[in-house]
Amino acid sequence: MIWNEYIECLDREDLNKLQGKRLRKMIERIYFNVPFYRKKLQEQGIEPGDINEVEQLKLLPFTTKQDLRDNYPFGLFAVPQSEIVRVHASSGTTGKPTVVGYTRKDLDIWSEVVARTLTSAGAGKTDVMHIAYGYGLFTGGLGVHYGAEKVGATVLPMSGGNTQRQLQLMKDFGSTILACTPSYALFLAEAMQEAGLTPADFKLKAAVMGAEPWTEEMRTEIEDKLKIKAIDIYGLSEIIGPGVATECTCQNGLHIYEDHFIPEVVDPETLEPLPYGQLGELVFTTITKQALPVLRYRTRDLTRLNVEKCECGRTLVRMEKCLGRSDDMLIIRGVNVFPSQVESVLLEMRETKPHYLMIVDRINNLDILEILVEVDDQFFSDEIRELENLKKRIRNKIETTLGISANVKLVEPKTIERSEGKSKRVIDKRKIKKTGGTS
Ligand SMILES: [Zn+2]
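In this text the structure is predicted, and so the values were computed from the model without any measurement.

Chemist: In this structure, what is going on with the coordination of the zinc ion? I would like to understand it.
Modeler: Ideal geometry at a metal centre gives angles of 109.5 degrees when four donors are arranged tetrahedrally and 90 or 180 degrees when six donors are arranged octahedrally. Bound to the zinc ion on the protein side are Cys248 (SG), His255 (NE2), Cys310 (SG) and Cys312 (SG), at distances that span 2.1 to 2.3 Å. Of note is the zinc ion, whose four donor atoms meet at the metal with angles of 104 to 115° in an arrangement that counts as tetrahedral. Taken in chain order, the donor set of the zinc ion reads C-x6-H-x54-C-x1-C. Note that Cys248 is positioned in the loop between β8 (241–247) and β9 (254–256) and Cys310 in the loop between β13 (305–306) and β14 (318–319), a separation of 62 residues in sequence. In this pair, the class of Cys248 matches that of Cys310, namely buried.

Chemist: Would you mind showing me how to read the packing of aromatic side chains here?
Modeler: Scanning the model with the defined rule gives seven aromatic pairs in all. Their ring planes at 25° and their centres at 5.7 Å tell us that Tyr184 and Phe187 sit as a pair that is stacked. Taken together, the residues span about one helical turn, with Tyr184 and Phe187 both in helix α8 (residues 182–194) at a distance of three residues. Of note, Arg296 hangs over the ring of Phe62, and the distance from its end group to the ring centre comes to 4.1 Å. One residue, Lys321, lies across the ring of Trp214, its end atom 3.8 Å from the ring centre.

Chemist: Would you take a moment to explain the pairing of strand β2 (residues 98–102) for this structure?
Modeler: Regular strands show a simple pattern: their side chains alternate between the two faces of the sheet. Within β2, five of the five residues are buried, leaving the element largely enclosed by the surrounding structure. Burial along β2 is two-sided: Thr98, Val100 and Tyr102 facing one way and Val99 and Gly101 facing the other are all buried. Summarising the sheet, strand β1 (residues 86–90) and β2 pair through five bridges and their orientation is antiparallel. When the sheet's bridge partners are listed, Ala89 is paired in β2 with Val99.

Chemist: Any chance you could explain the state of the cysteines here in plain terms?
Modeler: Formally, a disulfide is one covalent bond, and it connects the sulfur atom of one cysteine to the sulfur atom of another. Here the structure, examined in full by the defined rule, presents zero disulfides. The cysteine Cys180 is free of any disulfide, with Cys322 supplying the nearest cysteine sulfur at 18 Å. According to the relative accessible area criterion, Cys180 is buried, its value standing at 0%.

Chemist: Just to check I follow, could you spell out the pattern of salt bridges for this structure?
Modeler: Oppositely charged side chains can pair when the atoms bearing their charge come close. Evaluated as defined, the whole model comprises 24 salt bridges. Between Glu238 and Lys65 there is a salt bridge, with its nearest N and O atoms 2.7 Å apart. Of this pair, Glu238 sits in the loop between β7 (229–236) and β8 while Lys65 sits in helix α4 (residues 65–70), and the two are 173 residues apart along the sequence. The exposure class assigned to Glu238 is buried, which follows from its relative accessible area of 5%. Judged by its relative accessible area of 29%, Lys65 falls in the partly exposed class. The closest approach of N and O atoms between Glu351 and Arg393, which form a salt bridge, is 2.7 Å. Residue Glu351 is located in the loop between α10 (339–348) and β18 (352–363), and its partner Arg393 is located in helix α12 (residues 384–402); the two are separated by 42 residues in the primary sequence. Taken together, the shared-partner salt bridges connect Arg362, Asp367, Asp428 and Arg430 into one network.

Chemist: Looking at this structure, how should I read the environment of Val151?
Modeler: By the element assignment, Val151 lies in helix α6 (residues 139–151). For the pair Val151 and Leu188, spaced 37 residues apart in sequence, the C-alpha to C-alpha distance is 25 Å. If we skip the residues at most four places from it in the chain, Val151 touches Trp3, Ala115, Leu118, Thr119, Ala123, Gly124 and Lys125.

Chemist: Whenever I open this one, the packing of α8 against helix α9 (residues 216–226) confuses me. Can you help?
Modeler: For any two helices packed against each other, one specifies the crossing angle of their axes together with the interaxial distance. Direction vectors running N to C along α8 and α9 enclose 35°, while the axes themselves pass 10 Å from each other. The two elements α8 and α9 cross, and the hand of that crossing is left-handed. When α8 is examined against α9, the residues Pro182, Ser183, Ala185, Leu186, Ala189 and Met192 are found in contact with a partner set consisting of Met218, Glu221, Ile222, Lys225 and Leu226. Of the residues in the contact of α8 with α9, the class split is eight nonpolar, one polar and two charged.

Analysis parameters
Residues numbered from 1 in each chain as written. Predicted model: local features only at pLDDT ≥ 70, side-chain atom pairs only at ≥ 80, totals over all residues. Heavy atoms only, no water. Donors = N, O, S within 2.8 Å, 3.2 Å for Na, K, Ca; no water. Tetrahedral: all angles 85-135°; square planar, octahedral: opposite > 155°, others 65-115°. Helix = DSSP H or I, 4+ residues; strand = E, 2+ residues; numbered from the N terminus. Buried < 20%, exposed > 50% of the residue type's maximum accessible area, 1.4 Å probe, protein only. Phe/Tyr/Trp six-rings, centres within 6.5 Å; stacked < 30°, edge-to-face > 60°. Lys NZ or Arg CZ within 6 Å of the ring centre and 35° of its normal. Pairing = 2+ DSSP bridges. Disulfide = S-S within 2.5 Å. Salt bridge = Lys/Arg side-chain N within 4 Å of Asp/Glu carboxyl O. Contact = heavy atoms within 4.5 Å. Axes fitted to C-alpha atoms, helices over the stretch in contact; angles between N-to-C directions. Left-handed = near helix turned anticlockwise from the far one by under 90°. Nonpolar A, V, L, I, M, F, W, Y, C, P; charged D, E, K, R; others polar.

What follows is the structure in C-alpha cells.
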C-alpha cells in the first residue's frame, strides 16, 4: 500500500516543478528571517527571487552541523518563538547539543512523512506498533509515534530500555511492528533466546530500523532471528527526524520524500555535485519546513542516488543503504576503513557474534589496528587449536576485505559492552593522544 499515491508516484517533471516553487519560497523565508542565511546569500550575490529551479541549488551555500552549534540554541530558527510548538535536541559527543524546532505545520509534515514510511513497511490500522526508540529530546520515539497514530495503528510508546518488559508486552499485546535501532533488535533477539522464547511466541511481522548504519548481513541476521521483514528507515533531526527516507518492501534502496527534502550527492572533498549513481556525501535542502529550514545540509552520510522507477510503483528517488559516515571513516595506514566492513566479515562467520570493538593506535609512527571479536558460546569451549584456526581465518578475511592487516583477539561471549541504543565500535587512541582529552 502507498500512503500518498499522488506524491509518491508523481512523474519527475511535475515533481521538479513543485520542488522549484517550494525552493523559491524557502529561499525567501530564510533570506528575510534568518540573518545567518541572509549574510551567506548576500556574499554569493543571491537575492530572493533569483532561485526558481532545483538545478540552481549548486549555486547556494552549504550548512554544517557546526553552523547549528555556532547558532545555539535558536539562532537559525526562521519563526518567532511563539510559533514553535516543539523542540528536540541531539546530544553531541562533544560540546553543545544540536537543537531543532518545529511549528505546528512542521509536526503535520513530520507525521505525514512517517505515515508514508510506516505504510511502506506494511503498517496499517490493524497493526500494533511497538516503539522502542527513546522518547524525549531524541527525535526517534516521538517522531515515529505521531506517524504511527496518523496511520491508525495501535501505538505502544515503550521507549528504550527494560528489555524484559519489552519482551513481555510485545508478547502479551501482540505487537506486530517493532521500531528501534538495529543493534537493539539484535539485543532483543538475544534476550528472547535466553528467556526460552521463539519467534512463534510473538506476532511480529516487520521492524522499521534506523538511527545507526547497519549492513545487509546484519539485516539477514535480524530477519532470521526474529522471523520478520527488516525495513531500513533514514532520518536525522537536522532535516526533520525519522521519515526523511525509507525502504519499501522491495528492500532495494530508500525512497526519499523529495517533495519536502531535496537530496544531492556531492564529492566530500571538492563539494561538487555528483551525477546519479556516484558515491558521495548526501546533502539535503528542506523546502517546506517552517521553524528550522536548512539549506544544503551536509549529512556526512555516504550513499548514491538511483532515479529509476521502483518495482513498488513509487517514482521517488532512492538512496542506497548508507555505507557509513564520512566521519566514521577511519584512515588507517592511508587506507579508508569503515566499521561496517568488519561487521560484514564477522556476520559471514557462524562461529562469531557481530559484537566487536576496533582499537586503533599509533606505535612508533605506525598505525595498529586491533579487533576484539566475541566468539559464539558453543564454539568458545572448543580446543585452543580450533580457536587459533578461527583467528587466522578472521585475520585473512579482514585483510582481503579491508586491505590492511589487523591483530584479531578472540574474547569470550558477552565481554564486549552491549548497548541499548547506538553501539560503540571504535576506540581511536590516536585521536585521544592528539587532543590530549580523556575520552
Ligand atoms: Zn519502492
